[in-house]
Amino acid sequence: MSKRPPLLPDPSSSTDRRPPPPKRPRLQAQVPQFLAGTTVHIVPAKLSDSALAHLCCLAESHGARLVPIPQRADVVLTAVSAPKRLERHLPLSEAGKRWVLSTQWLEDSAALGEGRPCEEYLALKGLRPASRAGTPALTTSAPSTAPSTPAPEPVSPKPANAKPPPPAPGTSGRTTNDEEIPLNFTTPWPLPNSRYACKRRTPLYTPNEELLRSLAVIMRSRELEGEDRSALSYARGISVLKAYPRRITSVSQIHSLPGVGPKITSLVAQYLDTSAIPESSTILASARFQALEELTKVHSVGSTTARALYARGVTNVHEMREWVAMGNGGEVLRMALEIHEDLMIRIPRAEVELIAARVQKALDAVLPGCMHTICGGHRRGKPTSGDVDIIFTHREQGKEQGLVEKLVNYLSNDGFITHIFGVMHPGHNPFSSSSHTRSKVRPAHPSSHFDTLSKALVVCLLPPSEGGAGLHRRVDLICAPRDVYWCAVVGWSGSKQFERDLRLWAKQEILPAHGRLGRGIKFDSSGLTRLRDTQPIYVDSEKQVFELLGLEYVPPRLRNADM
DNA sequence: AAAATG
DNA sequence: ATTTTGA
DNA sequence: AAAAAC
């Protein structure tokens, strides 16, 4: 089918990819499996993230296998009804080979417990598969399992020293196939009892989404108003409620959860009473909140800038454009506004992976021996991403020096990178006027991976001829030296609350090391350091990072600790 | 806003 | 009652 | 000084 004969895994492109899933998890409950063995693609366009999430859950729970591109699907579901617009999301030549249905088909079928007749739900009048008949549920050819991606595991560049981890996980025994990790809660699930998000398992989809969304509005308002202590408390409360595996029906259930105090308890009580939180509704309806929310969506505009703009009467992006046209704002803001419409559109998984493949190709051209991992929300299983976070390294420590520039140059000449928001380097502050300003290049006390790794914040454009959507996409290219690569991957995989609590855990529970055995480790940007002799620890896998921190491994899909 | 610390 | 909350 | 970044 696709280009590749089964060869050796390409050692240079170590995506965080997994082998084709030979076995279906047998965990499906008593849900009617009318989609068993069917591949389904859901067109993200016009769907809110939560609607998309809902549909994904629905499809998977009825036995479907979700695929990232319409070409590989038996059934395509879409909320788009305009022919012109639909054409942008799947080529009509492809559309004629499979059922293209309204998302309502899934809703109705799930409610009924069996596949409804496809004819009644055609997304486009008269657009039905040429050769196939009947409902998609039955028959169907062998699931199109085009693996298309070899590389079973990030073939870690060869370990310099440091003996490999215990024998078990060595060869092919990778017990955690990322795609097998569910995106929602499964049968037995522990109640959240830890105050650290990194000691909880938090899937993407959760039974109390509505409540959490209401609480998140208040949190967001606190952020926008600069009340960040308060915002942090909401983040913690929301995080622990998100890890709660059952529908909350009474405040008694959440009474002893860490991070839930009197205020949040009372808000939950109000929600249970009235299906809404008055404070949340008020905020949502307020002109100020709406304005600040819209303004901060523009890249480089944070809450402080948004409040300042609002005070000057700028309440929407249109007025911001006028304000910039009068000579205000800087270069980055000007660029951001130019492509703002594009940047508002979320990126489907398939395109994220195409973008990463393009970056790997450039790395191969610029410096053979590199590998990368796609991090961020994509790695945590989100159906769409706001940007693409790619972290890369070279198998030989030190060879990565200067790589960010080379990569950015190459991709700019290629025309793939269209805008550069910034290229940062550790210890080389672009602002410093060279002479006496620098007190010290590396602060004595830890900074985060954000300051210490070379990175480029850019905008790319993948044309439709190469499988892209023809839209500008935000991409973060982060370069890590080999010895801190896996620390960086952990650091950039999020979620934000998960990262906060990783650090807090390391500080509170590892650093003291009073009498503890085998502990005494500093976890920060520059990786893991043993405090006894300040020896950096060479880490060879993500699991090892958790191990060294005394934590149970949490797969990326269970790190969705924030909203 | 909540929890840890003194 | 005061400090910490991710760096 | 603010924002970005998870």
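Computed from a prediction, not measured in an experiment: that's the story for all the values here. (Residues numbered from 1 in each chain as written. Chains lettered and ligands numbered in written order. Predicted model: local features only at pLDDT ≥ 70, side-chain atom pairs only at ≥ 80, totals over all residues. Heavy atoms only, no water.)

Focus: the overall build of chain A
What chain A contains, in helices and strands, is 20 helices and 14 strands. With 563 residues in all, chain A has 46% of them scored as buried. The long-range fraction of contacts in chain A, counting pairs at least 24 apart against all pairs at least 6 apart in sequence, stands at 69%. Working note: accessible area of chain A is about 27,500 Å², and carbon and sulfur atoms make up 55% of it. (Helix = DSSP H or I, 4+ residues; strand = E, 2+ residues; numbered from the N terminus. Buried < 20%, exposed > 50% of the residue type's maximum accessible area, 1.4 Å probe, protein only. Contact = heavy atoms within 4.5 Å. Areas by Shrake-Rupley, 256 points an atom, 1.4 Å probe, with all protein chains shown as cover.)

Concerning the confidence of the model for chain A
Taken over all residues, the pLDDT of chain A has a mean of 80, while the share at 70 or more is 76%. Scored below 50 in pLDDT, residues 132-174 makes 61 contacts in the model with residues more than four places away or belonging to other chains. (pLDDT = per-residue confidence, 0-100.)

Some details on unusual backbone geometry
The linkage connecting Gly 494 with the following residue, Ser 495, adopts the cis geometry, with an omega of -5 degrees. You can see Ser 495 is positioned in the loop between helix H18 (485-493) and helix H19 (496-510). Phi is positive for Ser 275, close to 60 degrees, though the residue is something other than glycine. On the secondary structure map, Ser 275 appears in the loop between helix H7 (262-274) and helix H8 (278-285). Even without a glycine there, the phi angle at Ser 300 is positive, about 90 degrees. Taking the relative accessible area as the measure of exposure, Ser 300 reaches 44% and is therefore partly exposed.

Observations regarding the protein's contact with DNA strand D
Every one of the 21 residues lining DNA strand D counts as a neighbour, but Gly 302, Thr 305, Asp 389, Phe 450 and Arg 474 are closest to it. Taking the atoms of DNA strand D that fall within 4 Å of the protein, sugar and phosphate contribute 69% of them. Residue Arg 380 places a side-chain N or O atom 3.4 Å away from a sugar or linking oxygen belonging to DNA strand D. Interatomic distance of 3.5 Å between a backbone N/O atom of Ser 493 and a sugar or linking oxygen of DNA strand D. Counting residues per element, the ones that place at least two in the surface near DNA strand D are helix H10 (303-311), strand S11 (472-479), H18 and H19. Its residues placed into classes, the surface near DNA strand D shows four nonpolar, 10 polar and seven charged. (Near = heavy atom within 4 Å. Polar contact = N/O pair within 3.5 Å; in protein donor to acceptor, adjacent residues only side chain to side chain. Nonpolar A, V, L, I, M, F, W, Y, C, P; charged D, E, K, R; others polar.)

Quick notes on the side chain of Thr 265
Position of Thr 265 relative to the elements: it lies in helix H7. Dropping the residues within four chain positions of it, Thr 265 is found in contact with Val 251 and Val 260.

Some details on the side chain of His 41
Note that His 41 resides in strand S1 (residues 39-42). We classify His 41 as buried; its relative accessible area is 6%. Sequence-distant contacts of His 41, defined by excluding residues within four places in its chain, comprise Val 67, Pro 68, Ile 69, Pro 70, Ala 73, Val 75, Val 76 and Leu 77.

Quick word on the pattern of salt bridges
Going through the model one piece at a time under the given rule, you end up with 18 salt bridges. Arg 334 is the partner of Glu 338 in a salt bridge, and the nearest nitrogen-oxygen pair spans 2.9 Å. Here the residue Glu 338 and the residue Arg 334 both occupy positions in helix H12 (residues 331-338), the gap between them amounting to four residues, near one helical turn. For Arg 482, the salt bridge identified is with Asp 540, shortest N-O distance 2.6 Å. Placement of the pair is Arg 482 in the loop between S11 and H18 and Asp 540 in the loop between strand S14 (535-537) and helix H20 (542-548), with a sequence separation of 58 residues. (Salt bridge = Lys/Arg side-chain N within 4 Å of Asp/Glu carboxyl O.)

Some details on the sheet that holds strand S6 (residues 370-374)
Strand order in the open sheet formed by five strands is S6-S8-S11-S10-S9, with mixed pairing between adjacent strands. Each of the sheet's edge strands pairs with one partner strand only, and the pair in question is S6 and strand S9 (417-424). Going from strand to strand, the sheet's axes swing by 25 degrees on average, the running direction of each strand aside. Across five bridges, strand S8 (residues 388-394) lies against S11 in parallel orientation. Bridged to Val 388 within S11 is Val 475. Here H18 sits on the sheet and contacts S6, S8, strand S10 (454-461) and S11; the angle it forms with S8, its principal contact strand, is near 175 degrees. (Pairing = 2+ DSSP bridges. Axes fitted to C-alpha atoms, helices over the stretch in contact; angles between N-to-C directions.)

Comments concerning the nonpolar core
In terms of nonpolar packing, the biggest core is built from 46 residues, with Leu 241, Val 298, Met 320 and Leu 333 touching the most fellow members. Mapped onto this core, the elements with two or more residues apiece are helix H5 (209-224), helix H6 (228-242), H7, helix H9 (287-296), H10, helix H11 (317-325), H12 and S10. For this core, the element with the highest residue contribution is H5, accounting for eight residues. (Core = buried A, V, L, I, M, F, W, Y, C linked by side-chain atoms within 4.5 Å.)

With respect to the pairing of strand S3 (residues 75-78)
Note on strand geometry: in a regular strand, side chains alternate between the two faces of the sheet. In S3, alternate side chains face the same way, and those of Val 75 and Leu 77 on one face and Val 76 and Thr 78 on the other are all buried. In the sheet, S1 pairs with S3 via three bridges, with the strands oriented parallel. Bridge pairing in S3 places Val 40 opposite Val 75. Both S3 and strand S4 (residues 99-102) contribute to a ladder of four bridges, which runs parallel. Counterpart to Leu 77 in the pairing with S4 is Leu 101.

Re the packing of H11 against H12
The N-to-C vectors of H11 and H12 enclose an angle of 135 degrees; their axes lie 11 Å apart at closest approach. When the axis of H11 is compared with that of H12, the two are oblique. By crossing handedness, the relation of H11 to H12 is classed as left-handed. On H12, the residues that touch Val 317, Met 320, Arg 321, Trp 323 and Val 324 of H11 are Leu 333, Arg 334 and Leu 337. Tallied by class, the residues present in the contact of H11 with H12 amount to six nonpolar, no polar and two charged. (Parallel < 35°, antiparallel > 145°, perpendicular 65-115°, else oblique. Left-handed = near helix turned anticlockwise from the far one by under 90°.)

Some thoughts on the sheet that holds strand S2 (residues 65-66)
Judged by pairing direction, the sheet is parallel, and its four strands sit side by side in the order S2-S1-S3-S4 without closing on themselves. In this open sheet, the two edge strands, each paired with only one partner strand, are S2 and S4.

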